[in-house]
Amino acid sequence: MGTVLSKAQIVVHALYGLRRTYDVLNKRLQLSPGLPIPNPTLPFWTVPAAPVPTEPTVLPEYADIVIIGSGITGTSVAYNILSRETRLKIVMLEAREICSGATGRNGGHINPPLYHDFEELKDKYGVQAAKSMIAFRRAHITELQRIATEEDIIKQSQCRETEHLDVFTCPKAFAAAKENLAKWRAAMPVESSSFVCHEREEAIERFHLSDGVLGCISNAGGAMHPYRFVTSLLSILHARHSERRVIDIITRTPCTTISCDSHGLYIVTTPRGTLRARHVVHATNGWCSHLLPALRTKISPARGAMSAQRPGRALAASTCDGGRSFVFYRGPVGYDYLTQLPAGEHELMFGGGWAQACDDGLPEIGIADDGSVNHASQSYLAGALPQFFGLRNWGAEAEAGAAEGSGEEGGGQVKWGSGRTKAQWSGILGISSDLVPWVGRIPEKLAGRSASPTHQSEEKMGVVVKAHLAPPGEWIAAGYSGEGMVHAWMSGKALAHMVLDREDEIQEWFPDVLRVTEKRWKEANVENLIKRFM
């Protein structure tokens, strides 16, 4: 009897704990993420800071388009608009420094989930929509390399192809991956032709991995320096359009509120004053629901962990000095990701630790504070790599280079760690409740405001719009769920076409399932998101 009672007590206690975890997490997701904090952790990517011109100090009175956010999404919107139309005025507002959000804090890998969730996408949206999503993700490697080549920023951005490995140490995860790969191959044989499954012995021997590895799946991947890519493009845009001041990039200027005036224009309010605009683009990802309360629980902030580490002295055979990228799967939930810089000390850019970053059983969903790091996840990241590669393949620990003290040449007085770990930082992701991005015009019901200027009201304001644009509105591209590098650029490109009223040009490649609609908003259920992480 005592044993039965003990088991019953354990069950009751466990259920109570789960209910408490659910309630705390659900309450957290209902809160506003607020504005980005002024003193975040320092990412290794951003040292030294890029000299992007960020004038004027005084806000212009009017802009045809205001872009909130200066990461890869906002940069894509601006770049793709100005590649097609220059008879307009764009103002980009950034709460902190240029590219100080998720783009300047991520892992730098361009490795889209393909076989991983094809079946799930097919079951939910249908086979054609699933194929469209796969093609959309795959397009990022080609498009980012094309842009880097055409703008002559390959060296700065380090944009490159890699041999990518999905590495498995969990038998359930590896079995599921092989099953998903087989199904994807049957549905998309051409796109999946470069994917090769390597069982344990071959994986360990060929790729110099730990004896604990059960197997891996290899394919063509990509990597780049996300901060240098974005800042290089913004510098180019500023220089290219400097005579007519087509684009102003204004830092340390958060957007605090958005409203509409009596003339039917948007009023964008900042601590430096206000400006009026016909279009407002939300490119703030995890922070978007601060200005769009209707999107709380639809796109939620989540804190991720990243590090920069010196490779072991024997590791080049495993990583090819930046020629390979990796995703490590230790269990059925979460993963760790790794790229390596092709220059300098060949730093390992290692992130993840999601499963370890739990306080009282709670993952770091609903947290928008990137001013500190999670102790458990960073402790895990600091020690995990020799376990994935094996102590023999890792070799002796590297010593700090002679130029230590700066992230790159000219890094100033920043002092990095002198051991294996050089830097640790956090970043805020935007997690979509239905796990696909939200891209497009925001319905007025969700935005909570509408702007519809007439020609007479514009004349009274002294506004002359030379370019053909879509009817005024608010727009968004966000909710990449930790996969921004394979969703953000093309989402921003699609948004540029929408704002320019050129939707016919994106019909062949933009997945309609990403559009923001009231129907999708109603169906996107935070309960399902919570279940995935509990």
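Predicted model, so just to flag it, every value in this text is computed and none were measured.

## Concerning the side chain of Ser426
For Ser426, the position within the fold is in strand β14 (residues 421-432). Those residues in contact with Ser426, other than ones at most four positions away along the chain, are Thr41, Arg105, Arg303, Gly304, Asp369, Asp370, Gly371, Ser372 and Val373.

## Examining the environment of Gly107
Considering the arrangement of structural elements, one finds Gly107 in the loop between β2 (90-93) and α3 (118-125). For the pair Gly107 and Met485, spaced 378 residues apart in sequence, the C-alpha separation works out to 9.1 Å. If we skip the residues at most four places from it in the chain, Gly107 touches Trp45, Met306, Tyr337, Thr339 and Met349.

## Observations concerning the packing of helix α2 (residues 72-82) against helix α14 (residues 488-499)
The geometry of α2 relative to α14 is characterised by a closest axis approach of 7 Å and an angle of 45 degrees between their N-to-C directions. On the basis of their axis angle, the class for α2 and α14 is oblique. Seen along the crossing, α2 lies across α14 with a hand that is right-handed. Contact with α2, carried on its side by Ile72, Thr73, Thr75, Ser76, Val77, Tyr79, Asn80 and Ile81, involves Ala488, Trp489, Gly492, Lys493, Leu495, Ala496 and Val499 of α14 and no other residues of that element. Of the residues that constitute the contact of α2 with α14, the class distribution is nine nonpolar, five polar and one charged.

## A word on the packing of α3 against helix α4 (residues 127-150)
For the pair α3 and α4, interaxial distance at closest approach is 7 Å and the crossing angle is 135 degrees. In terms of axis orientation, α3 runs oblique to α4. In this structure, the crossing between α3 and α4 has a hand that is right-handed. Facing α3, whose interface residues are Phe118, Leu121, Lys122 and Tyr125, α4 presents Val127, Ala129, Ala130, Lys131, Met133, Ile134 and Arg137. Partitioned by chemical class, the residues of the contact of α3 with α4 number eight nonpolar, no polar and three charged.

## Notes on the nonpolar core
Counting 88 residues, the largest nonpolar core has Ile67, Ile81, Leu88, Trp184, Phe229 and Trp489 as the members making the most contacts within it. Of the residues forming this core, the biggest block, nine residues, is contributed by α4. Formed by 22 residues, the second largest nonpolar core is a distinct cluster that contains Leu209, Cys216, Phe326 and Phe328.

## Re the side chain of Glu483
As for its placement among the helices and strands, Glu483 is situated in the loop between β16 (473-478) and α14. Arg137 provides the closest opposite charge to the buried, salt-bridge-free Glu483, at an N-O distance of 7.4 Å. Ignoring anything within four residues of it in the chain, the contact list for Glu483 reads Asn111, Pro113 and Tyr335.

## Structural notes on the state of the cysteines
What the rule picks out here adds up to zero disulfides. No disulfide involves Cys216; its nearest neighbouring cysteine sulfur is the one of Cys197, lying 7.6 Å away.

## Regarding the packing of aromatic side chains
Applying the stated criterion across every chain, the model contains 16 aromatic pairs. Seen from their ring centres, Tyr79 and Trp489 are 5.8 Å apart, and the 50 degrees between their planes marks the pair as tilted. Here Tyr79, found in helix α2, pairs with Trp489, found in helix α14; they are 410 residues apart in sequence, far enough to count as distant. Both residues of the pair, Tyr79 and Trp489, belong to the buried class.

## Topic: the pairing of strand β10 (residues 299-309)
Of all the 11 residues making up β10, 11 are buried; the element is thus mostly covered by neighbouring parts of the structure. Burial along β10 is two-sided: Ile299, Pro301, Arg303, Ala305, Ser307 and Gln309 facing one way and Ser300, Ala302, Gly304, Met306 and Ala308 facing the other are all buried. Across 11 bridges, β10 lies against β14 in antiparallel orientation. Each residue of the ladder has a partner; that of Gly304, found in β14, is Gly427. Pairing geometry for β10 and strand β13 (residues 348-352), over five bridges, is antiparallel. Along β13, the bridge assignment pairs Gln309 with Leu348.

## Focus on the environment of Ala203
Of note, Ala203 is situated in helix α7 (residues 200-207). We classify Ala203 as buried; its relative accessible area is 0%. Residues Ala203 and Leu165 lie 38 residues apart in sequence; the distance between their C-alpha atoms is 9.7 Å. Each residue touching Ala203, except ones within four places of it in the same chain, is listed here: His198, His208, Leu209, Gly215 and Cys216.

## Overview of the pairing of β16
A regular strand carries its side chains on alternate faces of the sheet. Of all six residues making up β16, six are buried, and the element is well covered by its neighbours. The two faces of β16 match: Gly473, Trp475 and Ala477 on one face and Glu474, Ile476 and Ala478 on the other face are all buried. With four bridges joining them, strand β9 (residues 273-282) and β16 adopt parallel strand pairing. Across the sheet, the residue bridging to His282 is Ile476, located in β16. Of the strand pairs in this sheet, strand β15 (residues 438-441) and β16 are connected by four bridges, and their pairing is antiparallel. Looking at the pairing, Val439 lines up with Ala477 of β16.

Analysis parameters
- Residues numbered from 1 in each chain as written.
- Predicted model: local features only at pLDDT ≥ 70, side-chain atom pairs only at ≥ 80, totals over all residues.
- Heavy atoms only, no water.
- Helix = DSSP H or I, 4+ residues; strand = E, 2+ residues; numbered from the N terminus.
- Contact = heavy atoms within 4.5 Å.
- Axes fitted to C-alpha atoms, helices over the stretch in contact; angles between N-to-C directions.
- Parallel < 35°, antiparallel > 145°, perpendicular 65-115°, else oblique.
- Left-handed = near helix turned anticlockwise from the far one by under 90°.
- Nonpolar A, V, L, I, M, F, W, Y, C, P; charged D, E, K, R; others polar.
- Core = buried A, V, L, I, M, F, W, Y, C linked by side-chain atoms within 4.5 Å.
- Buried < 20%, exposed > 50% of the residue type's maximum accessible area, 1.4 Å probe, protein only.
- Lys, Arg positive; Asp, Glu negative; His and termini not counted.
- Salt bridge = Lys/Arg side-chain N within 4 Å of Asp/Glu carboxyl O.
- Disulfide = S-S within 2.5 Å.
- Phe/Tyr/Trp six-rings, centres within 6.5 Å; stacked < 30°, edge-to-face > 60°.
- Pairing = 2+ DSSP bridges.

No statement about biological role is implied by the geometric values presented.
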